[in-house]
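Residues per chain are reported as follows:
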Number of protein chains: 2
Amino acid sequence: MTSAPPVIAVDAMGGDHAPDEIVSGAVRAHREHGLRVVLVGRGPEVAAHLAAANATREISVAHAEDSLAMHEGALASWRRPRSSVAVACKLIRQGEANALVSAGTTGGVVATSTVRLRAQPGVLRPALAVALPTGPVPTILLDAGANADAKPEMLVQFAHLGAAYAHTAYGVTEPRVGLLTIGSEPGKGNKLVRKAAELLASVTDSQPPLNFRGNIEGHDLLAGHVDVVVTDGFTGNVALKSVEGAVRFTIDEVRSALTSGMLAKTGALLQRRSLRGLHKRFDSESYGGAVLLGLNGTVVIAHGDSHAYGVERACLLARDLVTGRIVDQVRRRLGTTGRAPAWRHRRGAAEEG
Amino acid sequence: MTSAPPVIAVDAMGGDHAPDEIVSGAVRAHREHGLRVVLVGRGPEVAAHLAAANATREISVAHAEDSLAMHEGALASWRRPRSSVAVACKLIRQGEANALVSAGTTGGVVATSTVRLRAQPGVLRPALAVALPTGPVPTILLDAGANADAKPEMLVQFAHLGAAYAHTAYGVTEPRVGLLTIGSEPGKGNKLVRKAAELLASVTDSQPPLNFRGNIEGHDLLAGHVDVVVTDGFTGNVALKSVEGAVRFTIDEVRSALTSGMLAKTGALLQRRSLRGLHKRFDSESYGGAVLLGLNGTVVIAHGDSHAYGVERACLLARDLVTGRIVDQVRRRLGTTGRAPAWRHRRGAAEEG
């Protein structure tokens, strides 16, 4: 890219370890990777943390007097027009920043940025995408929770959003897309998925073409058979958390099985190191967080308990998405869609931006 | 129980390893646990396997000329009236057997037994229940796939079915029931779950009372916070398979991490043994399989790749459910429900039996 390096607006007030770990992560992203960062939050407080890190002259601060409380959901977007997330979105709208990184409550960040950045033209609903740690490249799962009740047409769009993400962030040339359902044969699933499968199979005119590979099941999530897994936000969130819980459970069980009795201390030490490595692979901090796709701006939501490392990774992911022009990629895939589904018009102009 | 020991009708033709492993499992269930078993399948073939096991005089055979093909779904119930599963259901209806055990295709067994045994009075839909290997007692997850599209009222019934199962099979006195959704606060989830949560919270007149504990999330599935997890069959199936896949993935990763490089061979051997133990805990064969609850008869569906051990465990589970009078327990909870939901009447009498 020949253009100026992107500016990442980092929500200094969001997350369990805000603002100290957030500020540290932003400083690391700047010092170790040359990212341009603006911290958004209560000015004096953020300035004090920056001063403590001797970074006052490296990183600018945008003042926001309010912030989203943890566990604050969709209403936050309306209740708190001067929250750090809202102010960060304003910076993006004004062209002063290219991306938002926040470790704040997912519901609040999704709602606020959806209202303030708005969906791109042609996009029915933004979707939350997460990277599952399959090898050699991650598998993108979406929607991971932005839309609890989805329509079949949305799932088709999620396929495009996910493909754009896999291409932009991980360089996958023709991302393979699978539809999450029960039973791998065509015609399996609930009403939503059966209809979505029909629509996905009939997409022939998209540019670039959609590489739809049919149904996949829950046990395929980590198998790496596809690059993008499409599902509604309810199922996706349950599946994601089921996987995370099962991995954690298994590692804990292995750890207690290995360290009880029989084994020599040296062996146990080595094992613990191996397990830590595995744990880290599944650690959401390593992956930079979830991406809210389909908005007029790039939004990365880091895990709520992110430390400096997680924030740094989230900033790098945001940088990659901006320099890879994810918003343009989505526009190319969905912006020129001639046939808007009929039900869209019924919803009125208010929601469409 | 003072009554005669129950008779288990075992589908000799269902499963990847039918009929040999099925026959072996039935023989083990009889010889090692004193169960009365009748094998249902193609007479001469089953008789030959019984003869090979020197068990001709211990176990009887009921002839069925047809069988369900693997991957045969709901239509099988109509297409194959003389399948081994259909004949086993007939034995139950005629009082010659008390339970069915099959390792055949889940869709086919569910459809066939639902049509032929019919739902108990007051039961809207039967549900598939699986035991998750939490400690000290398993957590029951249902519906694991019988109803891809569910209604809120069904989820309330699933809570009762699951509670009856946890009580009967695992002796849990007041089973704690959780509703699977996204976000633990009340009001979270999709439309189905939000309505179901309202209904579950308002159940006050059930006998025995329903111990509803509110929402749980995907990462709580293996945490043992509740005894019964209620969800629709689509979400339940995805969640179950996500958990199974993630556990398998993690064990494989741990295994390769532990056995590569650094570690001494003796250590590796011990670890492998620990991992095998863990693997076995998650092995569906150990748990006897899924139970189809709410029918006029007990149906246990063993995993498709069950060997003799899995069939034996499934027979024991069926025995426990019959002697614990699961059908009576369900009748007590749901049979006298005065207020049938309005939408039930609209469906007409054909489906209600």
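Above this text sits the structure in question.
What counts, and at which threshold
By convention here, each chain's residues receive numbers from 1 onward along its written sequence. Think of it this way: whatever chain is written first is A, whatever ligand is written first is 1, and the rest follow in order. Where local features are concerned, this predicted model is filtered to residues with pLDDT of at least 70; where side-chain atom pairs are given and counted, the filter is 80 or more; whole-chain, interface and lining totals use all residues. The side-chain quantities take in all heavy atoms of the structure and omit both hydrogens and water. We define a salt bridge as a side-chain nitrogen of Lys or Arg found within 4 Å of a carboxyl oxygen belonging to Asp or Glu. Only DSSP runs of H or I with at least four residues qualify as helices, and only runs of E with at least two residues qualify as strands; both kinds are numbered from the N terminus onward. The rule is simple: take the accessible area with a 1.4 Å probe, protein chains only, and divide by the maximum for that residue type; under 20% is buried, over 50% is exposed, in between is partly exposed. A helix is expected to reach a length of 1.5 Å times the quantity of its residues less one. Planes of paired rings set the category: under 30 degrees apart is stacked, over 60 is edge-to-face and the rest tilted, where pairs are Phe, Tyr or Trp rings (Trp by its six-membered ring) whose centres lie within 6.5 Å. Paired strands, as defined in this entry, are two strands with at least two bridges between them according to DSSP. Axis lines are fitted through C-alpha atoms, for helices just across the contact stretch, and the angle between N-to-C directions can take any value from 0 to 180 degrees. By definition, residues are in contact when any of their heavy atoms lie within 4.5 Å.

### Topic: the pattern of salt bridges
All names here are of chain A. With the rule as written, the count across this model stands at 22 salt bridges over all chains. The shortest N-O distance in the salt bridge between Arg28 and Glu312 comes to 2.8 Å. With Arg28 in helix α1 (residues 20-33) and Glu312 in helix α11 (residues 308-323), this residue pair connects regions lying 284 residues apart in the sequence. Residue class for Arg28 comes out partly exposed when judged on its relative accessible area of 30%.

### Considerations on unusual backbone geometry
The amide bond that connects Gly135(A) to the next residue, Pro136(A), takes the cis arrangement and shows omega of -5°. Omega for the peptide link from Ala18(B) to Pro19(B) comes to -5°, which places this bond in the cis form. Structurally, Pro19(B) is set in the loop between β1 (7-11) and α1 (20-33). Its identity as a non-glycine residue notwithstanding, Arg118(B) has a phi of 65°, on the positive side. Tracing the chain through its elements places Arg118(B) in the loop between α5 (106-117) and β5 (127-132).

### A short note on helix α11 (residues 308-323) of chain B
The end-to-end C-alpha separation of α11(B) is 23 Å, in line with the 22 Å expected for 16 residues at 1.5 Å each. Directly beyond the C-terminal end of α11(B), a positive phi value near 60° is found at Arg325(B).

### Regarding the packing of aromatic side chains
Within the structure shown, the criterion is met by two aromatic pairs over all chains. Their ring planes at 45° and their centres at 6.1 Å tell us that Tyr165(A) and Tyr170(A) sit as a pair that is tilted.

### Brief notes about the sheet that holds β1(B)
All names here are of chain B. Strand order in the open sheet formed by eleven strands is β3-β2-β1-β4-β11-β10-β5-β6-β9-β7-β8, and the pairing between neighbours is mixed. Two strands in the sheet have a free side with no partner beyond their single neighbour: β3 (60-63) and β8 (211-216). Along the sheet, successive strands turn relative to each other by an average axial angle of 25°, direction set aside. Of the pairings in the sheet, the one linking β5 to strand β6 (residues 139-142) comprises four bridges and is antiparallel in character. When the bridges of β6 are listed, Ala131 appears paired with Ile140. α5 rests against β4 (99-102), β5, β10 (290-293) and β11 (298-301) of the sheet, and its axis sits at about 175° to β11. Here α11 sits on the sheet in contact with β1, β4, β10 and β11, set at roughly 155° to β11.

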